Amino acid sequence: MIMAVLHINEQEFEKEVLQSEKPVLLDFFATWCGPCKMLGQVLEQLGEEQDKYKIVKVDIDKNPELTRAWNITTVPSVFFVKNGQVKDSAVGFLPKPVLEQKLNAL
């Protein structure tokens, strides 16, 4: 089954990200952010093309405590999480080949 992009809130975070059996691409975004929208389109493509990892998005305006806990000051902020541990991170728009390379390195 191909997994689409999952939008989560603070209550779902531990289960969907930290306890995920698959590696997770975690995207902190805002609906008003231009680069976030561009990245969102790339993440949708990735989500439709593979099921080796999970793509999870967190809206910073709807999840302020999670945003503070992760020290998010710039969006988009992307984290690559495996077994509950952050393995890599990036800020700003990333083209699809770069995202794929980082995911494949997990």
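Everything below is about the structure printed above this text.
Residues numbered from 1 in each chain as written. Predicted model: local features only at pLDDT ≥ 70, side-chain atom pairs only at ≥ 80, totals over all residues. Heavy atoms only, no water.

Undergrad: Pulling in residues and values, what's your account of the overall build of the protein?
TA: What the protein contains, in helices and strands, is four helices and five strands. Across the protein, helices and strands are ordered from the amino to the carboxyl terminus as β-α-β-α-β-α-β-β-α. Against the compact-globule benchmark of 13 Å for 106 residues, the protein has a radius of gyration of 12 Å, which places it among compact chains. Counting contacts in the protein only where the partners sit at least 6 residues apart, residues at least 24 apart contribute 71% of the total. Accessible surface for the protein amounts to roughly 5900 Å². Of this, 50% is attributable to carbon and sulfur atoms. Side-chain charges of the protein comprise 12 positive and 15 negative groups, with the mean position of each set lying 4 Å from the other. (Helix = DSSP H or I, 4+ residues; strand = E, 2+ residues; numbered from the N terminus. Rg over C-alpha atoms; globule rule 2.2 N^0.38 Å. Contact = heavy atoms within 4.5 Å. Areas by Shrake-Rupley, 256 points an atom, 1.4 Å probe, with all protein chains shown as cover. Lys, Arg positive; Asp, Glu negative; His and termini not counted. Charge placed at Lys NZ, Arg CZ, Asp CG, Glu CD.)

Undergrad: Before we move on, can you summarise the sheet that holds strand 4 (residues 77-82) with the specific residues and values?
TA: Whether parallel or antiparallel, the strands of a sheet pair through hydrogen bonds between backbone atoms. If you walk across this open sheet you meet the five strands as 1-3-2-4-5, and the pairing is mixed. Sheet topology places strand 1 (6-8) and strand 5 (85-91) at the edges, where each strand pairs with a single neighbour. Sheet twist, expressed as the average angle between the axes of neighbouring strands with direction ignored, equals 25°. Note that strand 2 (residues 24-29) and strand 3 (residues 54-59) share six bridges and pair parallel. Note that in strand 3 the partner of phenylalanine 29 across the bridge is aspartate 59. Seen against the sheet, helix 1 (residues 10-18) touches strand 1, strand 2, strand 3 and strand 4 and runs at an angle of roughly 140° to strand 1. Contacting strand 2, strand 4 and strand 5, helix 4 (residues 96-104) crosses the sheet at an angle of about 25° to strand 4. (Pairing = 2+ DSSP bridges. Axes fitted to C-alpha atoms, helices over the stretch in contact; angles between N-to-C directions.)

Undergrad: Explain the pairing of strand 2 to me, and be specific about the residues and the numbers.
TA: A large share of strand 2 lies buried, amounting to six of its six residues. Burial along strand 2 is two-sided: the face carrying Val24, Leu26 and Phe28 and the face carrying Leu25, Asp27 and Phe29 are both buried. With helix 2 (residues 34-49) bridging strand 2 and the parallel strand 3, this β-α-β connection has right-handed handedness. (Buried < 20%, exposed > 50% of the residue type's maximum accessible area, 1.4 Å probe, protein only. Right-handed = clockwise from strand over helix to strand, strands pointing away.)

Undergrad: Talk me through helix 1; I want residue IDs and the actual numbers.
TA: Among the residues of helix 1, those classed as buried are Phe13, Glu16 and Val17. One side of helix 1 holds all its buried residues, which, seen down the axis, span an arc of 100°. Opposite the packed face of helix 1, turned more than 90 degrees from it, sit the exposed residues Gln11 and Lys15. (Arc of directions from axis to C-beta.)

Undergrad: If you had to explain the packing of helix 2 against helix 4 to someone new, which residues and values would you point to?
TA: It is the contact of helix 2 with helix 4, at a shortest axis distance of 10 Å, that shows an interaxial angle of 50°. One finds that helix 2 runs oblique with respect to helix 4. Between helix 2 and helix 4 lies a crossing whose hand is right-handed. Every residue of helix 4 that contacts helix 2 at Leu39, Val42, Leu43, Gln45, Leu46 and Glu49 is listed here: Lys96, Leu99, Glu100 and Leu103. Its residues placed into classes, the contact of helix 2 with helix 4 shows six nonpolar, one polar and three charged. (Parallel < 35°, antiparallel > 145°, perpendicular 65-115°, else oblique. Left-handed = near helix turned anticlockwise from the far one by under 90°. Nonpolar A, V, L, I, M, F, W, Y, C, P; charged D, E, K, R; others polar.)

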